[in-house]
Amino acid sequence: MSKAIKYTAIALAALLAIMLGGVAIIAATFNPNDYKPQIIALVQQKKQRTLSIPGEIKLSFFPRIGADLGRVSISEHKGSAQFASVEKARVSLALLPLLSKQLIVDRIDIGGLNANLRRDRSGATNFDDLLSKEESSQQLRFDIDSVHIAGARIVFDDQMTQRKIDIADLQLDTGRIANAVPSNARLAAQIKSSNPSLDASVKLKTDFTFDLARQRYAVSKLDAELKGSALDVSDLLLQVAGDADLRPAEKRFDINGLKLSASGKESGQAVEVKLDAPKLAVGDNKVSGGKVTGQARLSPGGRTIGVTFSLDSFEGTPQAFRLPAVTLTATVKDATTDAKAHLEGSLAGDLDKLLFTAPKMMLTLSGKAGATVIEGSLTTPIAADLKAGTIELAAIAANVTLPNPAGGSMKLMANGRGGADLNKKNASASLKGKLDESSFDARLGLAKFSPAAYTFDIGIDQLNADRYRAKPATGQQGAKPAAQAEQPIDLSALRDLQASGSLRVGSLKAENLRLSNLRLDLRAAGGKVDINGINANLYGGSLAGSASLVAAAQPRFALRQTLSGINLGPLLKDAIGKEPIEGRGNVVLDVTTEGGLVAQLKKNLNGTAQLALRDGAVKGFNISQVIRSAKSRLGELRGEAQAQGGTGSATDKTDFSELTGSFKIARGVARNNDLRAKSPLLRVDGAGDIDIGEDKLDYLVKATVVSTLQGQGGPELQALKGLTVPVRLSGPFSAIAYQVDFSGLATDLVRQQLDSRKDEIKGRVEEQLKGQLKGLFGR
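What you see is a predicted model; the values in this text were computed from it and never measured. (Residues numbered from 1 in each chain as written. Predicted model: local features only at pLDDT ≥ 70, side-chain atom pairs only at ≥ 80, totals over all residues. Heavy atoms only, no water.)

**A short note on the pattern of salt bridges**
Inspection of the entire model under this criterion finds 24 salt bridges. Here Asp276 ties to Lys259 by a salt bridge, and the two come within 3.3 Å at their closest N and O atoms. With a gap of 17 residues between them, Asp276 in strand 19 (residues 269-282) and Lys259 in strand 18 (residues 252-266) connect regions that are remote in the sequence. With relative accessibility at 27%, the residue Asp276 sits in the partly exposed group. Notably, a salt bridge pairs Arg504 with Asp457, separated by 2.5 Å at the nearest N-O pair. Taken together, the residues span a long stretch of sequence, with Arg504 in strand 33 (residues 499-510) and Asp457 in strand 32 (residues 453-464) at a distance of 47 residues. Shared partners join several salt bridges into a network, and the residues in it are Arg216, Asp245, Arg247 and Glu250. (Salt bridge = Lys/Arg side-chain N within 4 Å of Asp/Glu carboxyl O. Helix = DSSP H or I, 4+ residues; strand = E, 2+ residues; numbered from the N terminus. Buried < 20%, exposed > 50% of the residue type's maximum accessible area, 1.4 Å probe, protein only.)

Structure follows, in structure tokens:
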């Protein structure tokens, strides 16, 4: 026995000596750099790519056969542009398995990897040729002792989805990588992406096992972390831990001890989410799961919103499983609000067909907002076909009481149906119901999810919009509050709005204006809102036109309106609380303006306006009374006083049977040169400026007495028949002052008297001349 051992030892020693001798001979005589041209030519022939190995290839032989390639690069397929490169690459093979004709990769060490991956719009990639399968007679067993990658960068330009992913500073260290052998890995990288936006660092460590023969892939003790920003969330921290076991051949998927947590800030507001799923097993004939719980917390604008949910433990088959209890509770708390929403129901499904149904999901509301009670419920069945990507809410029923922005509460009742198509990325709902005393029929939709594009078609029988408008604050016992600085117009919510639709309202009250049969079409995109096809009846007439606004840093507005046959006095009374002018007729507006404050909008007003009224009056000034007063003063003037003035009162007014005029508006000042007004007693012409921005005017009115009717004009106007009385109007709208030019009036009166006696004087002269001529010829 001892001799056998001795001879065996001698044989092994001899074999080792022979191997070492062989290695020594190869090391002394073999130079791998002599084969670089053949290797480069082979890559060019097989893959139509240019391989570059500018440095010297160095070999090692024990305990591993290895090659240190230095810098290596390879070109794009059939091109010269660089596809990938490494600053250093070292690959080693286990020596002893070579004796049994097995090629085992023992270790891979790569530094400074830089790869540019690309997928075009058709789905083809610039590495498809590298993935093609080719027959090889070489027996290769996949067994790597370790992989070390440092300082790598991989850029993936996905033109098919218009997404670019940049992975930089990639560090990867693994243990043994071999079939059915447990191992571990650590990874760290910086990832940037567009569509969706992502800029974050990633760290991951896990144990893993894969079995290619049995098609089993498992990870355990997973600990992953993502830190940075994603979508619209900044200061993001996402952590995932747990175990997963995937067996595609057996149609089995297991999750154990899954824990997920995320925190960050969205629009500066804190957000937190947590999920705990201790067990989920999906097999070919069985589905089971432990109780799943989760919670979320948001803090927008001083308000705290909390959400908790749970799914009870369940068992079933992939073709028929049921979640006996699904619950979700949301709370909202701030200084004035303490409200809760609770959702509960059951869920059944077929995992093979990806069909899910919830016979009845109920949402209940409770709590308070200030002194207003919040209560109500919403119920609907839910059916989801995830293969087709559809979700259907077949019978929505809502009955809720909510806070009214103006104070108090508002009651909403609605019934209808809705649904979504996840593949087409759209959703729609049809609802009928009542909001307080208003009945509505609405079709709402999302034409696309991101960015959201809304559609609507809404019909309402009556609506008092002022009922939902917050009222201005008042002081004690209803006293008006102290004057406050004007708040800027905020249109920021409209900058990203995409919406289109139509609105119909049978009877509408808004900003104290009353309209009926309102129709309009709205389109919003790119920060601009266009409202076209505006038609309505109001104050005995009709309205037709359009409006638009641009939600820029300096908001811009445009208005084109034609008001036909309206009763202007009541309209102005409801709109501004005053009736500076009354009458029935037409008003045409075509104006634009811009500004962040109402005062700026008035001063930046530009455009045109036309006015044509009948049977009305201009209030605050009685020109007939001014003319009567002027007549009584004419005898006192005698060239001494040149003018008389005054201020009109709220009860004064100037009647007219017709009133027309046009205005050109520039920088908030409306210029008029063609005012014409008629009454049974007067004809009025006017010209001047109306400063809308400063709420004042400077206007010259010329009134001519044309006739008097018995009992109407009086002897004063009869005496001034045919005279033109110039009156200058000026001052603020709230106290318009007037001034009469009596010097011009007296001159006009003398001229009128001379004109009226001209024929009488001419007749007397003619009689005298005739008498003289008769006496002359009679001799």
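**Brief notes about helix 3 (residues 568-576)**
Of all the positions in helix 3, only Leu568, Gly569, Leu571 and Leu572 are classed as buried. Each buried residue of helix 3 lies within a common arc of 160° when the element is viewed along its axis, so the set occupies one face. (Arc of directions from axis to C-beta.)

**Quick notes on the pairing of strand 19**
Note: strand 18 against strand 19, 13 bridges, orientation antiparallel. Counted as the bridge partner of Phe253 is Val282 from strand 19. Once strand 18 ends, the chain turns through two residues before running back antiparallel as strand 19, passing Ser267 with a positive phi of about 55°. The pairing of strand 19 with strand 21 (residues 292-299) spans seven bridges and is antiparallel. Of the residues in strand 21, the one forming a bridge with Asp276 is Thr293. Inspection of the sheet shows strand 19 paired to strand 20 (residues 287-289) by three bridges, in the antiparallel sense. Residue pairing for strand 20: Ala281 is matched across the bridge by Ser288. (Pairing = 2+ DSSP bridges.)

**Remarks on the confidence of the model for the chain**
Of all residues in the chain, 80% attain a pLDDT of 70 or more, and the chain-wide mean is 81. Taken element by element, the chain is modelled with least confidence in helix 1 (residues 2-29), mean pLDDT 44, and with most confidence in strand 32, mean pLDDT 96. The low-confidence segment residues 135-139 (pLDDT under 50) makes five contacts with residues lying over four places distant or belonging to another chain. Within the model, the stretch residues 637-644 combines pLDDT values under 50 with 15 contacts to residues more than four positions away or in other chains. (pLDDT = per-residue confidence, 0-100. Contact = heavy atoms within 4.5 Å.)

**Re the packing of aromatic side chains**
Inspection of every chain in the model, using the stated rule, returns zero aromatic pairs. Across the ring face of Phe83, the terminal group of Arg49 is positioned such that the distance to the ring centre comes to 4.7 Å. (Phe/Tyr/Trp six-rings, centres within 6.5 Å; stacked < 30°, edge-to-face > 60°. Lys NZ or Arg CZ within 6 Å of the ring centre and 35° of its normal.)

**Examining the environment of Pro300**
Here Pro300 is to be found in the loop between strand 21 and strand 22 (304-311). Sequence separation between Pro300 and Ser267 is 33 residues, and the spatial gap between their C-alpha atoms is 8.6 Å.

**Points about the side chain of Asp421**
Counting through the fold element by element, Asp421 comes out in strand 29 (residues 409-421). For the buried residue Asp421, which engages in no salt bridge, the nearest side chain bearing the opposite charge is Lys424, 4.4 Å off. Beyond its immediate stretch of four places on either side in the chain, Asp421 contacts Ala388, Gly389, Thr390, Asn426 and Phe449. (Lys, Arg positive; Asp, Glu negative; His and termini not counted.)

**Some thoughts on unusual backbone geometry**
Cis geometry is found at the peptide bond from Asn195 to Pro196, where omega equals 5°. On the secondary structure map, Pro196 appears in the loop between strand 14 (183-193) and strand 15 (198-211). Cis rather than trans, the peptide bond between Ser450 and Pro451 has omega equal to -10°. Tracing the backbone shows Pro451 in the loop between strand 31 (438-448) and strand 32.

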